[in-house]
Amino acid sequence: MRPPVVAEYTLSSTEAEHIQSLAESLDVGSVDDERFLTRAAVWAGELPRNLRAFLEDFRATEGSPACRVAGLPVDSERMGPTPVVAGRRRSKAASEIRAELVAVLLSSCLGDVFGWRLQHDGLLIHDLAPRPEHEDTGLGTGSRQHINWHTEDSFHPCRADYVGLLCVRNPAQVPTTIGFLDISLLSDADRRMLAEPVFTFKPDPSYFVSDAEPFPGPDRGSILYGDSADPYLRFDQDYIDLPADVAGVEDAVACLRRAIEVNLIHLSLRSGDFLFLDNRRAVHGRASFQATYVGTERWVKRVNITSDLKRSRHLRGSASDRVIRV
Ligand SMILES: NC(=[NH2+])NCCC[C@H](N)C(=O)O
Ligand SMILES: O=C(O)CCC(=O)C(=O)O
Ligand SMILES: [Fe+2]
């Protein structure tokens with residue numbers, strides 16, 4: 001039997017209460033505190049054993065491109081309105097800090113959380129909530145425009161190995177798009193072409209801070225990599241340049257898109273759902289929706305997770321600094 005696209009784990013109420021008590025026992029004012037981050041994997045050892053086994057299977061077997069943990073303690077009532085302001089300027093209720101601690105503890109079962117200096121103020125947890133100024137952009141903080149499916153931050157060699165999306169609220173049931181590549185749908189010639197390092201991967205506008213800050217540069221590489229029979233994927237259809245001088249490359253990319261699009265699924269996250277995407281195997285996006293900005297609408301917290309912090313050491317201030325300067 002084929003493994004599910006999204007492996008599911010539903011917490012029992014006992015497990016959810018245990019996680020809530022664990023988060024309450026931590027005397028931590030912010031998940032961005034380096035001392036907390038250095039202990040996060042230790043505290044994650046106190047998460048329910050069956051949950052840790054589920055996440056470890058997801059990580060170690062790569063059986064499914066995504067997994068979802070449902071029933072996490074996220075007290076969305078007490079967390080207050082969906083934020084319209086970004087970044088560090090906002091104070092957070094204790095319940096929100098607890099939800100973020102829970103997000104980091106679960107994420108720490110898969111790797112180390114990290115952030116980007118130029119994205120969401122360098123915070124480790126990004127608030128994906130609609131902002132008026134982004135309404136017509138295909139960004140996590142947009143709304144009226146859908147987000148085309150993509151792997152996250154395809155432009156950067158240190159991009160996440162996993163992306164976590166913890167849902168605070170989603171009353172209009174806006175669906176998240178999830179997909180994967182069925183490699184059996186690609187010809188050998190297309191596979192070879194897509195594995196050539198001739199593509200230019202560009203950053204998306206979520207990295208734009210101001211004209212005074214340099215925008216990160218692009219990176220060249222292949223779309224498919226790893227095992228040629230079961231390859232990993234790096235692709236954002238909106239932020240890629242194809243080589244002008246390679247015959248057949250456009251057709252190969254069109255075939256790739258079709259081989260992903262035939263299997264797309266749409267899943268509406270509910271409050272307390274934590275979706276993990278294997279950023280080498282899964283693509284994801286989001287449908288459009290009508291934002292109201294009255295504080296009641298969709299709010300998802302995004303986490304970047306790496307399997308290998310050392311890969312970005314030259315771009316971070318110290319071994320324990322989790323923010324990549326791009
Ligand atoms: N094809 C796209 N729209 N890609 C952009 C994805 C969203 C972007 N990474 C963000 O942080 O908001
Ligand atoms: O909000 C979602 O469900 C996905 C958002 C997304 O793809 C992103 O922000 O990069
Ligand atoms: Fe994304």
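Residues numbered from 1 in each chain as written. Chains lettered and ligands numbered in written order. Predicted model: local features only at pLDDT ≥ 70, side-chain atom pairs only at ≥ 80, totals over all residues. Heavy atoms only, no water.

(A) Spatial organisation of the overall build of the protein chain. Scanning the protein chain for helices and strands turns up six helices and 17 strands. Computed over C-alpha atoms, the radius of gyration of the protein chain comes to 19 Å, within 12% of the 20 Å expected from 2.2 N^0.38 for 326 residues, which places it in the range of a compact globule. Dimensions of the protein chain, computed from the C-alpha atoms along their principal axes, are close to 60 × 50 × 40 Å. The buried share of the protein chain, taken over its 326 residues, is 55%. Of the contacts made within the protein chain by residues no fewer than 6 positions apart, 78% connect residues no fewer than 24 positions apart. Positive and negative side-chain charges in the protein chain, numbering 38 and 47 respectively, have mean positions lying 3 Å apart. (Helix = DSSP H or I, 4+ residues; strand = E, 2+ residues; numbered from the N terminus. Rg over C-alpha atoms; globule rule 2.2 N^0.38 Å. Buried < 20%, exposed > 50% of the residue type's maximum accessible area, 1.4 Å probe, protein only. Contact = heavy atoms within 4.5 Å. Lys, Arg positive; Asp, Glu negative; His and termini not counted. Charge placed at Lys NZ, Arg CZ, Asp CG, Glu CD.)

(B) Local environment of the coordination of the iron ion (ligand 3). H150 (NE2), E152 (OE) and H284 (NE2) make up the full set of protein donors to the iron ion (ligand 3), lying at 2.0 to 2.2 Å. Ordering the donors of the iron ion (ligand 3) by residue number gives the pattern H-x1-E-x131-H. Both residues of the pair, H150 and E152, belong to the buried class. (Donors = N, O, S within 2.8 Å, 3.2 Å for Na, K, Ca; no water.)

(C) How the structure looks around the site of ligand 2. Surveying the vicinity of ligand 2 reveals the residues L128, G140, I147, H150, E152, L165, T176, H284, R286, R298 and R302. In the environment of ligand 2, an oxygen atom lies 3.1 Å from a nitrogen or oxygen atom belonging to the side chain of E152. Protein burial of ligand 2: of its 290 Å² of free accessible surface, 97% is covered by the chains. More than half of the atoms of ligand 2 fall within 2 Å of the grid points belonging to the largest pocket. Partitioned by chemical class, the residues of the shell around ligand 2 number three nonpolar, four polar and four charged. (Near = heavy atom within 4 Å. Polar contact = N/O pair within 3.5 Å; in protein donor to acceptor, adjacent residues only side chain to side chain. Areas by Shrake-Rupley, 256 points an atom, 1.4 Å probe, with all protein chains shown as cover. 1 Å grid on protein atoms, 1.4 Å probe; cavity = no way out; pocket = protein on both sides within 12 Å on 5 of 7 lines; lining within 4 Å. Sits in = over half its atoms within 2 Å of the grid points. Nonpolar A, V, L, I, M, F, W, Y, C, P; charged D, E, K, R; others polar.)

(D) Region of interest: the UniProt feature "binding site: Fe cation" (unreviewed entry) in the protein chain. Feature annotation in UniProt assigns "binding site: Fe cation" (unreviewed entry) to the following positions: H150, E152 and H284. Despite a sequence span of 135 residues, these residues sit close together in the fold, their greatest C-alpha distance being 8.2 Å. In the annotated group above, the largest pocket draws its lining from H150, E152 and H284. With respect to the secondary-structure elements, H150 resides in strand β5 (residues 147-150). Contact partners of H150, with chain neighbours within four places excluded, come to F235, D236, A282, V283, H284 and G285. A polar contact of 3.0 Å, which involves the side chain of H150, links it to the side chain of E152. (UniProt positions renumbered as here; feature names shortened; annotations may be inferred.)

(E) Quick look at the site of ligand 1. Taken together, 14 residues lie around ligand 1, and G138, G140, D204, D236 and D238 are the ones closest in. Interatomic distance of 3.2 Å between a side-chain N/O atom of E152 and a nitrogen atom of ligand 1. One of the side-chain N or O atoms of S206 is found 3.4 Å from an oxygen atom in ligand 1. Surface burial for ligand 1 is 97%, taken as the share of its 350 Å² of free accessible area covered by protein chains. Here ligand 1 occupies the largest pocket. Tallied by class, residues from the shell around ligand 1 come to three nonpolar, six polar and five charged.

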